[in-house]
Amino acid sequence: MSRLLHRDDAPPVPANELFVRSADGSRIHVELHGPEDAPAVVLAHGWTCNTHFWAAQIRDLAADHRVIAYDQRGHGLTPEPGPGGYSVNALADDLEAVLAATLAPRRKAVLAGHSMGGMTLMAAARRPGLREHAAAVLLCSTGSGRLTAEALVLPLRASAFRTRLTAGVLGAKAPLGPVNSVSKKLLKYATMGVGSAPERVDACARIVHACPRRARVGWGQVLADLDVTADVRELRVPTAVIAGSGDRLTPPVHARAIAAALPVGLGLTELAGVGHMTPMEAPEAVTAKLRELTTRYVAAPTAATAATSEKEDVA
């Protein structure tokens, strides 16, 4: 399926694209937008999404920021990993590889992660690469553990039975099928607020349905057992949290727990009526928070520190 979105939802053409090698040899697709010598922002998308999920943020920020967006392994243009390639450690490895390839030594950036992307940042909290390059962090609609126990996608009373069913949904092998009125209603119910605009539901559905089934299943199984709660306390940079009050996948209880545990927390913003897909449902709020963080914590690099190692890995 084409990764191009309908109407004007596609992000601008990148200034450069490259593949970087992760620790296990996986090739990670990276897009670079905006001026090379501008304050940098790194965007990590969530489960079943790709770089186009950040279209609104890229369009806005690329005018005066260096925006680095990458496809998580198995998503978008990043190939599916080999055996053993689905793990929380692999997510952290990939992030470190992207930071090392696109930011000069000691160059700082704001790192933002949505859903599984936020879990990636938490999983990498102890990593030297994150500590070297992170000036501040934005966690959007994410959780650090108990994802299946707390999820509200299934309209059942909280119980071990609901938890098992939710885990089964995350790892379901059935294909998602075509994007149509029925599939969009289901996706909206599970992932977006009731007031989401039809065009944003359509754009989100096309992104999610483009995710390869094996990647969706593989990462769904990882998320069912994920626990990076201890890593939250190691995220020792200024960190803001955003959540939608109507999020069924990672309800606000997760965001509140993360915000309370952060060593350098900047507070929690709860967006009324918004669901799980905050960067697409409330793009202005997410972009404004990113701008606030870069203005406060990231100085424009000097000519010496702006240089990057943007060499495409063709091996």
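The structure presented is a predicted model; accordingly, all values stated were derived computationally and were not measured. (Residues numbered from 1 in each chain as written. Predicted model: local features only at pLDDT ≥ 70, side-chain atom pairs only at ≥ 80, totals over all residues. Heavy atoms only, no water.)

**Q** Where do I start with the overall build of the protein chain in this structure?
**A** Each helix and strand counted, the protein chain has 14 helices and eight strands in total. Computed over C-alpha atoms, the radius of gyration of the protein chain comes to 18 Å, within 12% of the 20 Å expected from 2.2 N^0.38 for 315 residues, which places it in the range of a compact globule. Seen along its three principal axes, the alpha-carbon backbone of the protein chain occupies a region of about 55 × 40 × 40 Å. Looking at the 315 residues of the protein chain, the share that counts as buried comes to 56%. (Helix = DSSP H or I, 4+ residues; strand = E, 2+ residues; numbered from the N terminus. Rg over C-alpha atoms; globule rule 2.2 N^0.38 Å. Buried < 20%, exposed > 50% of the residue type's maximum accessible area, 1.4 Å probe, protein only.)

**Q** What is the right way to read the sheet that holds strand β5 (residues 109-114) from this model?
**A** Pairing within the open sheet is mixed, and its eight strands lie in the order β1-β2-β4-β3-β5-β6-β7-β8. Only two strands of the sheet have a single partner each, and these edge strands are β1 (16-21) and β8 (265-271). Averaged over all pairs of adjacent strands, the angle between strand axes in this sheet comes to 20 degrees, irrespective of strand direction. Of the pairings in the sheet, the one linking strand β3 (residues 40-44) to strand β4 (residues 66-70) comprises five bridges and is parallel in character. (Pairing = 2+ DSSP bridges. Axes fitted to C-alpha atoms, helices over the stretch in contact; angles between N-to-C directions.)

**Q** Please clarify how the packing of aromatic side chains should be interpreted in this entry.
**A** Note on aromatic pairs: each is described by the distance of the centres and the angle between the planes. Counted by the stated rule, this structure contains two aromatic pairs. For the ring pair Tyr 86 and Trp 219, a centre distance of 5.1 Å and an interplane angle of 80 degrees mean the geometry is edge-to-face. One end of the pair, Tyr 86, is in the loop between β4 and α2 (88-102); the other, Trp 219, is in helix α9 (residues 213-225), with 133 residues separating them in the sequence. Here Tyr 86 falls in the partly exposed class, since its relative accessible area comes to 23%. In this structure, Arg 27 packs its charged tip against the face of Phe 19, placed 4.3 Å from the ring centre. (Phe/Tyr/Trp six-rings, centres within 6.5 Å; stacked < 30°, edge-to-face > 60°. Lys NZ or Arg CZ within 6 Å of the ring centre and 35° of its normal.)

**Q** Is there a simple way to explain the layout of surface pockets in this structure?
**A** Within this model, the largest pocket holds a volume of roughly 830 Å³. Forming the walls of the largest pocket are 32 residues, and the residues nearest its centre are Trp 47, Val 169, Leu 176, Ala 190 and Thr 191. For the lining of the largest pocket, the secondary-structure elements that each account for two or more residues are α5 (147-150), α6 (160-170), α7 (181-191), α8 (198-209) and α9. Its residues placed into classes, the lining of the largest pocket shows 20 nonpolar, 11 polar and one charged. (1 Å grid on protein atoms, 1.4 Å probe; cavity = no way out; pocket = protein on both sides within 12 Å on 5 of 7 lines; lining within 4 Å. Points joined across faces, edges and corners; volume = space filled by probe spheres on them. Nonpolar A, V, L, I, M, F, W, Y, C, P; charged D, E, K, R; others polar.)

**Q** Would you mind going over the nonpolar core with me for this structure?
**A** One recurring pattern in soluble globular proteins: nonpolar side chains tend to sit buried together. Judged by nonpolar contacts, the single largest core of 50 residues is most densely connected at Val 20, Val 30, Leu 111 and Leu 223. Here the element with the most residues in this core is α2; it accounts for seven residues. Setting aside chain neighbours within four positions, we find Val 20 in contact with Ser 26, Arg 27, Ile 28, Val 30, Ala 97, Val 98 and Ala 101. Membership of the second largest hydrophobic core comes to 35 residues, among which are Ala 112, Cys 140, Leu 187 and Ile 242. (Core = buried A, V, L, I, M, F, W, Y, C linked by side-chain atoms within 4.5 Å. Contact = heavy atoms within 4.5 Å.)

**Q** Sorry if this is basic, but what is going on with the UniProt feature "domain: AB hydrolase-1" (unreviewed entry) in the protein chain here?
**A** Here, UniProt's "domain: AB hydrolase-1" (unreviewed entry) annotation points to residues 41-287. For the annotated span residues 41-287, helix accounts for 45% and strand for 14% of the residues, and the straight-line distance between the end C-alpha atoms is 11 Å. (UniProt positions renumbered as here; feature names shortened; annotations may be inferred.)

**Q** Is there a simple way to explain a nonpolar patch on the surface in this structure?
**A** A surface patch of nonpolar side chains, amounting to about 260 Å² of accessible area, comprises Leu 156, Phe 161 and Leu 165. Mapped onto the secondary structure, Leu 165 falls in helix α6. Judged by its relative accessible area of 34%, Leu 165 falls in the partly exposed class. (Patch = residues over 30% accessible without salt bridge, like charges linked within 9 Å, V, L, I, M, F, W, Y side chains within 5 Å. Areas by Shrake-Rupley, 256 points an atom, 1.4 Å probe, with all protein chains shown as cover. Salt bridge = Lys/Arg side-chain N within 4 Å of Asp/Glu carboxyl O.)

**Q** Whenever I open this one, the side chain of Thr 148 confuses me. Can you help?
**A** Relative to the helices and strands, Thr 148 resides in helix α5. Using a relative accessible area of 6% as the deciding quantity, one classes Thr 148 as buried. Those residues within four positions of Thr 148 in sequence are excluded, and the remaining contacts are Thr 163, Thr 166, Ala 167, Leu 170 and Ala 224.

**Q** What is the right way to read the side chain of His 114 from this model?
**A** Here His 114 shows up in strand β5. Separated by 2.8 Å, the side chain of His 114 and the backbone oxygen of His 276 make a polar contact. Look past the residues within four positions of His 114 in its chain and what remains in contact with it is Ala 44, His 45, Gly 46, Phe 53, Trp 54, Cys 140, Ser 141, His 276, Met 277, Thr 278 and Pro 279. (Polar contact = N/O pair within 3.5 Å; in protein donor to acceptor, adjacent residues only side chain to side chain.)

**Q** Before we go on, may I ask you to explain the packing of α7 against α8 in this structure?
**A** The axes of two packed helices give the description: the angle between them and the distance between them. Viewed as axis vectors pointing N to C, α7 and α8 meet at an angle of 95 degrees, and their least axial separation amounts to 10 Å. Judged by the inter-axis angle, α7 sits roughly perpendicular to α8. Taken together, the residues of α8 that come into contact with α7 (itself represented by Ser 183, Lys 184, Leu 187 and Lys 188) are Val 201, Asp 202, Cys 204, Ala 205, Val 208 and His 209. When its residues are assigned to classes, the contact of α7 with α8 shows five nonpolar, two polar and three charged. (Parallel < 35°, antiparallel > 145°, perpendicular 65-115°, else oblique.)

**Q** Before we go on, may I ask you to explain the pattern of salt bridges in this structure?
**A** Side chains that carry opposite charge are capable of pairing whenever their charged atoms lie near each other. One pass over the full model with this rule turns up 17 salt bridges. A salt bridge links Asp 24 to Arg 73, with the nearest nitrogen and oxygen atoms 3.0 Å apart. One end of the pair, Asp 24, is in the loop between β1 and β2 (27-33); the other, Arg 73, is in the loop between β4 and α2, and 49 residues separate them in sequence. The salt bridge partner of Lys 184 is Asp 202, with a shortest N-O separation of 3.2 Å. Here the residue Lys 184 occupies a position in helix α7, and Asp 202 occupies one in helix α8, the gap between them amounting to 18 residues. Here the salt bridges do not stand alone but share partners, grouping Arg 126, Arg 131, Asp 231, Glu 234 and Arg 236 into one network.

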